[in-house]
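# Residue-level structural notes
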Number of protein chains: 2
Amino acid sequence: MNGPAQRRITIKEVAEAAGVGVATVSRVLSGGSASAETREKVLAAAARLDYRPSALGRNLRRQRTGGIGLLVPDITDSFYARLADGVLSCARSYGEPVTVGVTGDDPEREAELIGTLIEQSMDRLIAVPSGDGDMWAPALRAGLNVVFADRRVRGDVPSVVPDDRAGVLTAVEYLAGLGHRKIAYLGRHAQSQRVAAFTAALDSLGLPADRDLVVHARSSRDSAYAAAAGLLQHRPDVTAVIAGGNVLGEAAVLAARELDVRIPRDVSLIMFDDVPWAELCSPPLTVIAQPAQDIGYRAAELVLRQGRRPPTVTLPTQLVVRASCGPRVASPRR
Amino acid sequence: MNGPAQRRITIKEVAEAAGVGVATVSRVLSGGSASAETREKVLAAAARLDYRPSALGRNLRRQRTGGIGLLVPDITDSFYARLADGVLSCARSYGEPVTVGVTGDDPEREAELIGTLIEQSMDRLIAVPSGDGDMWAPALRAGLNVVFADRRVRGDVPSVVPDDRAGVLTAVEYLAGLGHRKIAYLGRHAQSQRVAAFTAALDSLGLPADRDLVVHARSSRDSAYAAAAGLLQHRPDVTAVIAGGNVLGEAAVLAARELDVRIPRDVSLIMFDDVPWAELCSPPLTVIAQPAQDIGYRAAELVLRQGRRPPTVTLPTQLVVRASCGPRVASPRR
DNA sequence: ATGAAAGCGCTAACAT
DNA sequence: ATGTTAGCGCTTTCAT
């Protein structure tokens, strides 16, 4: 068992020990004005008693918490883990605690978690939004200071996002340069930014852009695998695929192996998000690297700085060529 | 900008709206006794006003928060991310918020984060401890309800850990069965459970167990790579290595490639912790799978259930044979 | 420069 | 069964 609990020292006890009033203790500890002598007495007493101001008392009085809420679809996904790491890293430098919730990309769960955060009087929130614009109205009305990360939502909430448009365009151009004409995109439909960018890129290069070329998958591993396998099976004319995230990429590699589709001989693969294993994979995966940690860090800065904030920050992505893309073979696969 | 903040509804307003006293509202909302009629009036008023009880007020009054603090070395490491996911998942079912901190395996940072948690009056803490036993005395004295996860520390804090002893033994036996005699362990020195189990396993099989066969690495990727490369370079007599975690395993694969050491021809590799990419790796990695998510879940159960808790829960590991281990070759490498 | 006192939203003890 | 009230620890007027 854990040792016996020990009652917490309060500001009142420090005041008594220092022979001053509680207000003076409060002032000294928060850098207010006080005579050098008093200051010293207070500090000494506080140190001696190992006094820790109670955030509870302070927050209740000030009607705000300072803490940060962070909502991600899946903390197990390397991308969101790195994003969270960025938030945590920035928050730590401000000494602010961050409360993490996993939404599973489910708007309902998201709403529930927002409820919990509001109950905690959390006043800052960084979220990778699952729901659409309207879903967020209640949170904003509750006075939450919200910043979106990774995904935008229509409305005027500040966002920090990767440059999806440029990333997709780079990928498509690279693939087109290799001779590919039937290129598919595997990702969340809802990620309309990217899907739009994808079809736009296809158009601008004069490539066919039928609707079936973008394949929807939810973010779970199972869903990703099913989508990847379906694509590979039913569309032998597709010679290149862009996976919209590392989970999708992993699923694509797995499905390809299972179906005996060779990468890059039979189909070329570009994965969004560079992860450590991309290099270890066989073949090493060509990727569009995204600054996940940076996205989180910047979002935290935005939400912590009280000043007015720019509507959207877009961070660059980068094509890292490895070995999962090859020239289009003349004949369709199989 | 986010919309205009809206003042929060308080219990007093609900009481007025329902035409009852505040205590009644409190009782109804927390399942106390009340007449059906009153209950209905209160519930209606609360719903109509969209009342959210303030956790701040409640916690201050009750002198505890209910929330859970979670301290992990690195949220970017798949193992800890899955562990965190387990905690989050369990906590969500109780509606409890969890505040996450990253220690970087640094006892000092850990102490700092504990301080923040105490300031928040957080009373439950799940930690993958970095510091040793003494470090934790202050936290326990502060009345924190602590459960350790993944690692034990001497003292009487309840812990949920993988069965390291069995895992290591299985790995060593498997390797010995393949003919290997010089087996190295790559991991945190501090992880004395495993290191002890490793040397014990070596002994019990009559294998040489010189001290240099366990190689220390901190948990950062750089440190892991340096350690792996050092081992591979300076100990050509070693024909098999056990990597103590997925980051170490990744480093070992990378270092081996760099040094042109072939896996499994030149050296066999077993990695602790099964991760999705282990299968995608070339060669697919043989691993000791650890129930990371379960460890987190169970730890959360322990810390949430107020009842008396068993001192230690040990969860089984499992050998998953893939293709990174082979028979020892007759002649030493190189 | 410092202290006294009000009050943040809530729960629990006590009174009715 | 329900209302009244004290008080959790703190910050912030308002006096002094």
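Everything numeric here is computed off the predicted structure, so don't read it as measured data.

## Things to note about the protein's contact with DNA strand C
Taken together, 25 residues lie near DNA strand C, and Thr24 and Thr38 of chain A together with Ile11, Tyr51 and Arg61 of chain B sit nearest. The sugar-phosphate share of atoms of DNA strand C within 4 Å of the protein amounts to 65%. At 3.2 Å from a base oxygen of DNA strand C is found a main-chain nitrogen or oxygen belonging to Arg61 of chain A. Between DNA strand C and Ser54 of chain B there is a distance of 2.7 Å, counted from a phosphate oxygen to a backbone nitrogen or oxygen. Residue assignment for the surface near DNA strand C shows that the elements contributing at least two residues are helix H2 (22–29) and helix H4 (55–62) of chain A together with helix H2 (22–29) and helix H4 (55–62) of chain B. With four residues, H4 of chain B is the single largest residue contributor to the surface near DNA strand C. Residues belonging to the surface near DNA strand C are distributed by class as follows: eight nonpolar, 11 polar and six charged.

## Side note on the UniProt feature "domain: Cyclic nucleotide-binding" (unreviewed entry) in chain A
Per the UniProt record, "domain: Cyclic nucleotide-binding" (unreviewed entry) is found at residues 186–306 of chain A. Along residues 186–306 of chain A the backbone is 48% helical and 15% strand, and the end-to-end C-alpha distance reaches 38 Å.

## Quick look at the UniProt feature "domain: HTH lacI-type" (unreviewed entry) in chain A
According to UniProt, the "domain: HTH lacI-type" (unreviewed entry) feature falls on residues 9–62 of chain A. Strand forms 0% of residues 9–62 of chain A and helix 70%; the C-alpha atoms that close the span are 20 Å apart.

## Describing the packing of helix H8 (residues 164–177) of chain B against helix H9 (residues 192–204) of chain B
All names here are of chain B. The geometry of H8 relative to H9 is characterised by a closest axis approach of 9 Å and an angle of 40 degrees between their N-to-C directions. Compared by their axis directions, H8 and H9 come out oblique. For the pair H8 and H9, the crossing hand works out as right-handed. Along its contact with H8, which presents Asp164, Arg165, Val168, Leu169 and Val172, the element H9 presents Gln193, Arg194, Ala197, Phe198, Ala201, Leu202 and Ser204. In terms of residue class, the contact of H8 with H9 is made up of seven nonpolar, two polar and three charged.

## So, the sheet that holds strand E7 (residues 214–216) of chain A
All names here are of chain A. Taken together, six strands build an open sheet; the order of strands is E7-E6-E8-E9-E10-E12 and the sheet is mixed. Each edge of the open sheet is held by one strand with a lone partner, namely E7 and strand E12 (318–320). In this sheet, adjacent strand axes meet at a mean angle of 20 degrees when their direction is disregarded. Two strands pair when backbone bridges link them, and strand E6 (residues 183–187) and strand E8 (residues 240–243) are joined in this way by four bridges, in the parallel orientation. For Leu186, the partnering residue across the bridge sits in E8 and is Ala243. Relative to the sheet, helix H8 (residues 164–177) contacts E6, E8, strand E9 (268–272), strand E10 (286–289) and E12, its axis offset from that of E9 by approximately 165 degrees. Helix H9 (residues 192–204) contacts E6, E7, E8 and E9 of the sheet and is inclined by roughly 175 degrees relative to E6.

About the criteria used
- Residues numbered from 1 in each chain as written.
- Chains lettered and ligands numbered in written order.
- Predicted model: local features only at pLDDT ≥ 70, side-chain atom pairs only at ≥ 80, totals over all residues.
- Heavy atoms only, no water.
- Near = heavy atom within 4 Å.
- Polar contact = N/O pair within 3.5 Å; in protein donor to acceptor, adjacent residues only side chain to side chain.
- Helix = DSSP H or I, 4+ residues; strand = E, 2+ residues; numbered from the N terminus.
- Nonpolar A, V, L, I, M, F, W, Y, C, P; charged D, E, K, R; others polar.
- UniProt positions renumbered as here; feature names shortened; annotations may be inferred.
- Axes fitted to C-alpha atoms, helices over the stretch in contact; angles between N-to-C directions.
- Parallel < 35°, antiparallel > 145°, perpendicular 65-115°, else oblique.
- Left-handed = near helix turned anticlockwise from the far one by under 90°.
- Contact = heavy atoms within 4.5 Å.
- Pairing = 2+ DSSP bridges.

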